Amino acid sequence: MRFHHSIPLLVYLATSSKADLCIKGAFKLTLEEECSVETLKDAYEELYNNEVLKDDSCSNTVEEDLAEILGTADLDAGVQALCAGADLGNTIPFEKISHENPDDLFTKTYFDGGTYWNEEVQTTLETGQNTKVLQDDAAKVNPFYESEASYGVVEWPDHLSNFELDKCEINAAMCCWPQDRQAGDNNGNCNQRYDNRCKDKDPADNTDLCLVNMNRAPGSVPVGSDGIIVHENDDGDGEGAIHCHGFAWSNNGNHASNRYKANNLFYVSMYDHMTQRGYVRNIHGSPMCACLEQMPVVTRSDCTQIDVEETFEISVDTNGKASAKLTSNDIDFNACQGKNNNN
């Protein structure tokens, strides 16, 4: 995490005036760390307290000027609406991550538990050569984490049936894995190299699988699949080792958990669990990753939350109309801090 001084920056552009505001002309405000009423007030006060820029005849308070700029006396709602509609710049299509030639089918099949990312296991040939190496097969994942996933805005793959937002009413998504395909990462029990010794090895077990409703995800299971699979017992007497991990997001479009939910989807599925731990495949009758409504019923899941520092530029034109632009972000992916600091 890199820390920034939370000193509001400002740029003043001397142009024609707007009579209703104490500050005449167009101007820009830079909000550090987040877009909120507090950071907007701090930035605007720099202008408001400048004797050169402020109209001496104006009797408005800072709050009254901001209400005029935002178009509402409810400053919190005004700021939320302004920044929820911010220009996010060049967002990154999710398919860019997964394949040399961006392909919806590859990404969709991956999230359903298929493709060579999920299905292959590293093999050491008699010559000593390693083949089907996950770090080579998914070579774009680690560099993407270090760059655009941590400093950009990834687009939510709403076009995939796993993640259609109008059907994702709980505002949460989850992945569940039954297999570990990678040795040497201190996760799961695929701990010997390689070939047959690493096939069908288990991930770290963090949940109990209760049931799978095959009607929940018609876009991810074979046509004609129907019914409910009940898992009465656990571990060796039931489903075996299962690892589930998810994340949730706010209804508020300006909340970081909402804006960066696709970044979190990438982190949980492709980076933190696949390339870092080797966890792959899907539970029979369900997708590997999807909105929670489509996933198996389990007793619990681990969780990752987004923590981010953002910089927004707020531009106010000569008519007092405001617009917002995201100019930088710095994302950290951390364990969720739930009630009583429980994940």
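The preceding data block contains the structure.
Since the structure is predicted, the reported quantities are computational estimates derived from the model, not experimental observations.

A. Just the packing of aromatic side chains, in detail. Following the criterion strictly, the structure yields 19 aromatic pairs and no others. Here the aromatic residues Phe94, Phe106, Tyr110, Phe111, Tyr116, Trp117, Trp156, Phe163, Phe247 and Trp249 are joined through ring pairs into a cluster of three or more. Between the NZ or CZ atom of Lys54 and the centre of the ring of Tyr48, over which it lies, the distance is 3.8 Å.

B. Up close: the nonpolar core. Among the nonpolar cores identified, the biggest contains 74 residues, and Tyr44, Phe266, Met270 and Ile314 are the most heavily contacted of them. With 8 residues, the top contributor of residues to this core is helix α11 (residues 261–275). If we skip the residues at most four places from it in the chain, Phe266 touches Phe94, Ile97, Val141, Phe144, Tyr145, Ala149 and Tyr271. Among the nonpolar cores identified, the runner-up in size contains 11 residues, and Met174, Val212, Ile242 and Met295 belong to it.

C. Spatial organisation of the pairing of strand β2 (residues 27–33). Burial runs high along β2: 5 of the 7 residues are buried. Two elements, β2 and strand β13 (residues 302–316), share 7 bridges in a ladder whose sense is antiparallel. From the neighbouring strand, Glu32 faces β13, where its bridge partner is Thr311.

Basis of the calculations
Residues numbered from 1 in each chain as written. Predicted model: local features only at pLDDT ≥ 70, side-chain atom pairs only at ≥ 80, totals over all residues. Heavy atoms only, no water. Phe/Tyr/Trp six-rings, centres within 6.5 Å; stacked < 30°, edge-to-face > 60°. Lys NZ or Arg CZ within 6 Å of the ring centre and 35° of its normal. Core = buried A, V, L, I, M, F, W, Y, C linked by side-chain atoms within 4.5 Å. Buried < 20%, exposed > 50% of the residue type's maximum accessible area, 1.4 Å probe, protein only. Helix = DSSP H or I, 4+ residues; strand = E, 2+ residues; numbered from the N terminus. Contact = heavy atoms within 4.5 Å. Pairing = 2+ DSSP bridges.

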